[in-house]
Amino acid sequence: MSGAPQTPLAPAATSETSRRFEWSPRRIAVALVAAAVGIWLIAKASEDLRQFAVVSLNGITLAALFFVVASGFTLIFGLMRVVNMAHGSLYLFGGYLALEMQDSWFKEESGLGLSLSGTGDAEYSLVSWVVPLLLAILIIGVLGMIMQQVFLRWNQGQDLRQALITIALSVIFADQMLAAFGGISKDIKTPTAWPESITLPGDVRFGFFRGVIVLGAALLIGLALWWLIRRTRFGQIVRAGVDDRDMVSALGINVQLVFAGAFFLGAVLAGLGGVLGGTMIALAPGEDTSFLLNSLIVVIIGGMGSLGGAAIGALALGLVDAYADVYLIFGDTDLTNYSILVTFGLLVLVLAVRPLGLFGRPA
Amino acid sequence: MTPSTGRSNWQVLAVVVVAAALAPLVFTEFFVSVILTKSLWLGVAAASLIFLSAYGGMVSLAQVGIYGVAGMTFANLVAADGGSAAAWSPWLALVAAIVVGVAVGLGFGAIAARSVGIYFLMITLAFSVLVYYFFSQVTTLSGFGGVNNLDLPSLVGSPGQDPTRLYYTTLVIAVLVFLALRYISRTPFGLALQGLRDEPARMRALGFDVTRHRILAFGLAALIASIAGLLSVWYNGRITPGSINLAQTIDVLIIAVIGGLYRLEGAWVGALTYALLDNYSREWTPTFGDVLGPERFNTILGVVFLVIVLLSPGGLVGLWERVRERLGTSRNEPPGAVGMQVETTRGGQL
C-alpha cells in the first residue's frame with residue numbers, strides 16, 4: 001500500500017481533465033459525422049455554387065422564421081418552466097387573424113374587377129400588411145396572457161399538468177380554427193409595392209420577402225430580445241427568475257406580473273411568427289403541429305430557456321432541412337424523400353453528446 | 001398508484017372479463033366492433049403509456065410513433081394494396097413487426113432515457129411526429145392512399161364480415177397485456193423501476209444502472225405499443241400515415257389521462273370513454289354556429305380532456321378512488337392514504 005498517498009490525487013486529476021475535454025467514443029462519432037457532412041456539402045457546393053447559395057439562403061431564412069417562433073417558446077419555458085404545447089396554435093391563429101383582417105379591410109379590387117393583369121388583381125398597400133400584423137400580434141399576446149392567467153397561474157410548478165392543459169387547449173384551438181377558417185391552404189399577401197425578388201452579387205436571385213423582411217425581422221427581434229434581457233430591469237428580473245424564482249419573489253418583486261409579461265411576449269412572438277410564416281409559406285391546418293415540432297426541435301437542440309441556443313438550434317434545423325431537401329442525392333439514388341431522417345439524426349446527434357441541448361442547464 | 005393486490009380486485013377483474021366475454025351476446029355487432037374492440041386496442045396503446053408513467057415516471061408520447069412503425073412493418077410485409085406488399089405469411093410478418101417495433105423503441109429509449117420529466121415528454125413527442133412525417137414522405141412504404149386490403153392472420157378471420165373473432169382475440173390480448181404488466185410491476189425489475197421513479201439518486205447510489213433500466217422499461221412499453229399497432233391494423237384492415245399523426249398521438253395521451261395516468265386499469269376506462277364519446281357525442285351535440293356541432297368532436301374531446309386535467313389529475317380512476325375513499329373513511333385508513341403515500345409504504349414493505 002505504498003501508493004496510498006497518491007490515490008486521492010489520481011481521481012482528482014482525471015476529473016480535472018474530463019471537465020476540460022475528452023475524446024469519448026461518442027464525441028469521436030459526432031466529429032466524424034460532422035466531418036462527413038462538411039465534405040459532402042463542399043462537394044455539392046463545388047458542383048453548382050449558385051444553387052448552393054440559394055439553398056443556403058433558403059435554410060437561413062427558414063431558420064429566421066424558426067427562431068422567431070421558438071424564441072417565444074424558450075422564453076416562456078426559461079422563466080416559468082411551462083412547456084406551452086399551444087405555441088403552434090398561437091402561431092397559426094396569429095396568421096389567420098392577420099389574414100382575415102387583410103381580406104376584410106384592405107382587399108381593394110383594382111378597377112371594378114376588370115382583372116386584365118391576370119391573377120393577382122388586388123392591390124395591397126404597405127398599411128394592409130402592417131396593420132393586420134400589429135393587431136394580430138397584440139390580440140395573440142393578450143390571448144396568451146389570458147391563457148396563462150386562467151389556466152396556468154394557479155398550478156405553478158406542476159409542469160406535466162401544465163403541459164397537458166396546453167395540449168388540451170391546442171386540441172380545442174385546432175378544431176375551432178378548422179371550423180372557422182376551413183381546411184384550404186391560404187396565404188397573406190405582401191404589399192404590392194414590394195419587389196418580388198432581389199438580385200445578390202453573383203447573379204443570385206432570391207425572394208424579397210423571405211430574404212429581406214423575414215431575415216431582417218429575425219435579426220431585429222434577436223437584438224431586441226438581447227437588449228431586453230440583458231439591459232433592462234424586466235430582463236434583469238427575468239434572468240434572476242430563471243435562476244431562482246423564489247428568491248426573486250422574496251425580494252418583493254411582483255413575479256406574477258413578470259410572468260404575465262413574459263407570457264404576453266412569448267405569445268406575441270408566436271403570433272408574429274404566424275404572420276411572417278403565413279406570408280412566406282402558407283396557413284393551413286397542420287401548420288400548428290409543424291411549428292410546434294419545429295419549436296420543440298429547436299429548443300431541444302439549443303437547450304431549453306436559452307435565447308442563444310434557440311438561435312443556434314434554429315440555424316441548425318433550418319440549414320439541415322434545406323440541404324437535406326435538395327442534396328440528398330447520391331449518384332442515381334434519390335434519397336430526398338428520407339430528408340426527415342436527417343432532421344432526426346441531428347436531434348440524436350445533439351442529444352447523444354448533450355442531453356440538455358447545446359446551451360441547456362439543469363432546471 | 002400501483003394497483004392493490006386485494007382479493008376484491010381479482011373479483012372485479014374476473015367480473016369485467018366475464019362481462020366482456022358475454023358482451024357479443026347482448027350487444028349489436030356494430031357496438032361490439034366500433035365501441036368494444038376499438039376500446040380494447042386503444043386501451044392496449046394507452047396501457048403502454050400508462051405503464052411507463054405509473055411505474056417509471058416517464059410520460060412518453062412516442063407510443064403512437066412506435067405502434068405506427070410496427071403497424072407499417074406488418075402492412076408492408078403481408079400481401080396488400082400499396083406499400084411494398086412482400087406477401088409474407090401474416091404470422092411471420094407479425095413477429096417481424098414486433099421485433100422492428102421493439103428495436104425502434106429501444107433506440108428511442110436509448111436517446112431519450114437520459115432526459116427526465118418534461119424534457120422526456122418533448123423529446124418523445126418529437127419522435128412520434130418524426131415517425132409520422134417519415135411515413136407521409138416515404139410513399140414507397142406508406143402507399144399514396146395508405147396500405148389497404150391487408151392479409152390478416154387466420155386467427156382473426158375477416159373482421160369486416162365477422163367482428164366477434166377479432167373482438168375475442170383483442171380481448172384475450174388485452175387481458176394478457178394487463179396481467180403481464182401487473183406481474184412485471186412486482187418483479188425485481190418492476191420494483192427497481194418504481195424505485196428510480198421516486199428516488200433516482202438513491203437508486204444510483206445503490207448500484208442500479210438507472211439509464212439502462214429506463215431503456216429496458218421503454219423497450220417493454222414498445223413491445224406493448226407494437227402489439228397495439230398490430231391490433232389497430234387488424235381492426236382497420238389498413239394503415240395510413242394520417243392514422244399515426246399528432247392527433248392520434250394526442251388521442252392516446254388523452255385516453256391515458258382521462259382514464260388516469262397512475263393506474264393500468266385507467267387505460268381501458270379511458271379508451272371506453274373515448275370510444276363512447278367518439279360515437280355518441282355526434283348525436284346529441286347541439287349545433288351552435290361554427291363553434292359546436294356534430295363535426296366538432298375534437299372540441300368536445302379537448303374540453304373533456306381539459307376538465308379532467310383541471311379537476312382530477314388522476315383521471316376517472318382517480319376520481320372514483322377519491323369518491324370511494326370519502327365514502328369508506330370510517331372502515332378504512334384515514335383519508336389521504338391514496339396516491340403517492342400508498343406507493344411509498346408499499347415500496348417499504350417489499
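Residues numbered from 1 in each chain as written. Chains lettered and ligands numbered in written order. Predicted model: local features only at pLDDT ≥ 70, side-chain atom pairs only at ≥ 80, totals over all residues.

Engineer: Explain the overall build of chain A residue by residue, including any values.
Structural biologist: On a plain count of helices and strands, chain A comes out with 13 helices and six strands. Counting over 363 residues, chain A shows a buried share of 43%. (Helix = DSSP H or I, 4+ residues; strand = E, 2+ residues; numbered from the N terminus. Buried ≥ 20, exposed ≤ 12 C-beta atoms within 10 Å, placed from the backbone.)

Engineer: Explain the overall build of chain B to me, using residue names and the numbers behind them.
Structural biologist: A count of helices and strands for chain B gives 15 helices and zero strands. Over its C-alpha trace chain B gives a radius of gyration of 20 Å, about what one expects of a compact globule, namely 20 Å for 350 residues. Classification of the 350 residues of chain B by burial places 49% in the buried group. Intrachain contacts of chain B at a sequence separation of at least 6 include 77% that bridge at least 24 residues. (Rg over C-alpha atoms; globule rule 2.2 N^0.38 Å. Contact = placed C-beta atoms within 7 Å.)

Engineer: Talk me through the pairing of strand β4 (residues 204-207) of chain A; I want residue IDs and the actual numbers.
Structural biologist: Residues and elements named next belong to chain A. Across four bridges, the pairing between strand β3 (residues 197-200) and β4 is antiparallel. Opposite I198, over in β4, you have F206 as the bridge partner. Count of turn residues in the β3/β4 antiparallel hairpin: three residues, of which G202 carries a positive phi of about 85°. (Pairing = 2+ DSSP bridges.)

Engineer: Could you give an account of the nonpolar core, with specific residues and numbers?
Structural biologist: Core analysis: the biggest nonpolar cluster contains 215 residues, and B:V44, B:A46, B:A47, B:A126 and B:I224 have the highest contact counts within it. Not counting residues within four places of it along the chain, the set of residues in contact with B:I224 comprises B:V44, B:A47, B:S48, B:F51 and B:V177. (Core = buried A, V, L, I, M, F, W, Y, C linked by C-beta atoms within 7 Å.)

Engineer: Give me the lowdown on helix α10 (residues 255-280) of chain A, citing residues and values where you can.
Structural biologist: Spanning 26 residues, α10(A) covers 37 Å between terminal C-alpha atoms, matching the ideal 38 Å at 1.5 Å per step. For α10(A), the buried fraction is high: 22 of the 26 residues fall into the buried class. (Expected span 1.5 Å × (residues − 1).)

Engineer: Could you give me a rundown of the interface of chain A and chain B, with the residues and numbers involved?
Structural biologist: Every contact between the two is made by 32 residues of chain A and, on the other side, 33 residues of chain B. Mapped onto the side of chain A that touches chain B, the elements with two or more residues apiece are α6 (159-181), α11 (287-302) and α13 (339-353) of chain A. For the side of chain A that touches chain B, the element with the most residues is α6(A), which contributes 16 residues. A per-class count over the side of chain A that touches chain B returns 25 nonpolar, four polar and three charged. (Nonpolar A, V, L, I, M, F, W, Y, C, P; charged D, E, K, R; others polar.)

Engineer: Requested: an account of the packing of helix α7 (residues 208-231) of chain A against α10(A), with residues and values cited.
Structural biologist: Residue and element names in this part refer to chain A. Between α7 and α10, the shortest axis-to-axis distance is 11 Å and the interhelical angle comes to 175°. Classified by the interaxial angle, the pair formed by α7 and α10 is roughly antiparallel. When α7 is examined against α10, the residues F209, R210, V214 and A217 are found in contact with a partner set consisting of L276, T279 and M280. Class assignment of the residues belonging to the contact of α7 with α10 gives a composition of five nonpolar, one polar and one charged. (Axes fitted to C-alpha atoms, helices over the stretch in contact; angles between N-to-C directions. Parallel < 35°, antiparallel > 145°, perpendicular 65-115°, else oblique.)

Engineer: Could you give an account of helix α14 (residues 315-327) of chain B, with specific residues and numbers?
Structural biologist: For α14(B), with 13 residues, the first-to-last C-alpha span of 19 Å sits near the 18 Å given by 1.5 Å per residue. Taken as a whole, α14(B) has its buried residues at B:G315, B:L316, B:V317 and B:G318.

Engineer: An account of the environment of A:F67 is needed here, citing residue identities and associated values.
Structural biologist: Residues and elements named next belong to chain A. Assignment of secondary structure puts F67 in helix α3 (residues 49-80). Along the backbone, F67 and L97 are 30 residues apart, and their C-alpha atoms lie at a distance of 21 Å. What F67 contacts, discounting residues up to four positions off in sequence, is A218, G222, A310, A311 and A314.

Engineer: Explain the environment of A:S56 to me, using residue names and the numbers behind them.
Structural biologist: Residue and element names in this part refer to chain A. Examined against the element boundaries, S56 turns out to sit in helix α3. Take S56: there are 17 C-beta atoms within 10 Å of it, and that puts it in the partly exposed class. As a C-alpha pair, S56 and G318 span 262 residues in sequence and 9.1 Å in three-dimensional space.

Engineer: Please give an account of the confidence of the model for chain A that cites residues and values.
Structural biologist: Model confidence for chain A is summarised by a mean pLDDT of 85, while 90% of its residues fall at 70 or above. Confidence over residues 111-119 of chain A falls short of pLDDT 50; this stretch has one contact with residues more than four positions distant or in other chains. (pLDDT = per-residue confidence, 0-100.)

Engineer: Please provide a residue-by-residue account of unusual backbone geometry, values included.
Structural biologist: The backbone phi angle of A:R81 is positive, close to 60°, even though this residue is not glycine. Considering the arrangement of structural elements, one finds A:R81 in the loop between α3 and α4 (87-105). Owing to 19 C-beta atoms within 10 Å, A:R81 belongs among the partly exposed residues under this scheme. The backbone of B:N149 shows a phi angle near 50°, a positive value even though the residue is not glycine.

Engineer: Give me the environment of A:E100: which residues, what numbers.
Structural biologist: Inspection of the secondary structure puts A:E100 in helix α4. Using a count of 16 C-beta atoms within 10 Å as the deciding quantity, one classes A:E100 as partly exposed.

Engineer: Quick one: what's the story with the confidence of the model for chain B, residue by residue and with numbers?
Structural biologist: All names here are of chain B. With 92% of its residues at a pLDDT of 70 or more, chain B shows a mean pLDDT of 85. Contacts for the low-pLDDT stretch residues 1-5, under 50 throughout, to residues beyond four places or in other chains number 15 contacts. A low-confidence stretch, residues 330-350 stays under pLDDT 50, and its non-local contacts, those more than four residues away or across chains, total 15 contacts. This prediction of the complex comes with two scores: 0.86 for pTM and 0.85 for ipTM.

Engineer: I'd like to hear about the packing of helix α12 (residues 265-284) of chain B against α14(B), residue by residue, with values.
Structural biologist: Residue and element names in this part refer to chain B. Close contact between α12 and α14 brings their axes to 8 Å; oriented N to C, the two are set at 110°. Our classification of the angle between α12 and α14 gives roughly perpendicular. Counting all contacts with α12, which are made through E265, G266, V269, G270 and T273, the residues of α14 involved are G315, L316 and V317. Taken together, the residues of the contact of α12 with α14 break down into three nonpolar, four polar and one charged.

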